[in-house]
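# An overview of the molecular structure
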Amino acid sequence: MTRSLLSAADLDRDEATALLDAAVRMHAVQSREVKKLPPLRGRTIVNLFFEDSTRTRSSFEIAGKWLSADVINVSAKGSSVSKGESLRDTALTVAAMGVDLLVVRHGSSGAVQRVASWVACPVVNAGDGTHEHPTQALLDAYTLRGRLGELADRHVAIVGDIAHSRVARSNVLLLQTLGARVTLVAPPTLLPAGVGGWPCETDWDLDATLSGKAHGDVDAVMMLRVQRERMTGGYFPTEREYAAGYGLSPQRLDLLDEDVPVLHPGPMNRGLEISSAAADGPRSVVLEQVQAGVAVRMAVLYRMLAGAAEGAA
Ligand code: ASP
Ligand code: CP
């Protein structure tokens, strides 16, 4: 396993598969009465979050605790960042306390890589700007594998605000590594510059994609949040028009076979990119994704901290 996990591209097919297999074993802990395994006893993990999170931060915390690590949360709000302390000084200060692994989320693309270059311990990227969110891609792959089996030659449509989505980029990279095919669907204004060089197809027509007319049958659909907090201009005329063109409405669900899973990384804007019928319906695997988040993060922490020592031994 790589020393730090900064990008989905850090994982080759063998490593990604090994992580997903380990996550299957970790998942069993979730249904046990006593949810505690010993391998990370005596290890200290810090969640260093400069941007808000519900799922990622709490699942890393639960994952660390179920593996018996001590997990400490440090967020920008309430830290000395508000007194003007720099990212470098904050990271070095936290790391100097004898931390074994840092989990870092930051609003700027590339910031987590910078942190990894400054500190001596391994770093996991929990989302940096519009760049990457590799453990999200792993939990999505885990969820997809649970529904579809092996992902080679499977076709996944990723729909919505691709331009501002670190989830989309990490998913495209990991799904390609696992042999799947991806079609990105968005209005032209929400496709990132340079997407032509990404290993996937693109389209503006959601109905043609979901019906299979444009790119062949779709095996899974991943809806992405419209990331208003990252938008500086007008990317679409009105929310109503966005929902009409790109929202997963009850009518659009009918274009999909009954066994096509619908994913969303969360948080969801209900009524905008996804209808409640899609979010809560039988195709939805949104809460399975959340469950997978704990198992996958246990696997990542285990392989980065205990796995290396085990290998050496
Ligand atoms: N929670 C995911 C992220 O932090 C997706 C989103 O916010 O829309 O990237
Ligand atoms: N999917 C995801 O990263 O959610 P949070 O922003 O709540 O962590």
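Figured I'd write up the structure that's included with this text. (Residues numbered from 1 in each chain as written. Chains lettered and ligands numbered in written order. Predicted model: local features only at pLDDT ≥ 70, side-chain atom pairs only at ≥ 80, totals over all residues. Heavy atoms only, no water.)

## Remarks on a negative patch on the surface
- A surface patch of negative charge is lined by D217, D257, E258 and D259.
- Following the sequence through the fold, D257 ends up in the loop between helix 9 (250–253) and strand 9 (262–263). (Patch = residues over 30% accessible without salt bridge, like charges linked within 9 Å, V, L, I, M, F, W, Y side chains within 5 Å. Areas by Shrake-Rupley, 256 points an atom, 1.4 Å probe, with all protein chains shown as cover. Salt bridge = Lys/Arg side-chain N within 4 Å of Asp/Glu carboxyl O. Lys, Arg positive; Asp, Glu negative; His and termini not counted. Charge placed at Lys NZ, Arg CZ, Asp CG, Glu CD. Helix = DSSP H or I, 4+ residues; strand = E, 2+ residues; numbered from the N terminus.)

## A word on the site of ligand 1
- Taken together, R105, H133, R166, V167, R225, Q227, G266 and P267 form the complete shell of residues around ligand 1.
- Taking R105, its side chain carries an N or O atom lying 3.3 Å from an oxygen atom of ligand 1.
- Within the backbone of G266, a nitrogen or oxygen atom sits 2.9 Å from a nitrogen atom of ligand 1.
- Burial of ligand 1 by the surrounding chains reaches 93%, relative to a free accessible area of 260 Å².
- When the residues that make up the shell around ligand 1 are grouped by side-chain class, the tally is two nonpolar, three polar and three charged. (Near = heavy atom within 4 Å. Polar contact = N/O pair within 3.5 Å; in protein donor to acceptor, adjacent residues only side chain to side chain. Nonpolar A, V, L, I, M, F, W, Y, C, P; charged D, E, K, R; others polar.)

## Focus on unusual backbone geometry
- In this model, G266 is joined to P267 through a cis peptide bond whose omega is 0°.
- As for its placement among the helices and strands, P267 is situated in the loop between strand 9 and helix 10 (276–280).
- Positive phi, normally seen in glycine, also occurs at S68, with a value near 75°.
- With respect to the element layout, S68 can be found in the loop between helix 2 (55–66) and strand 2 (70–75).

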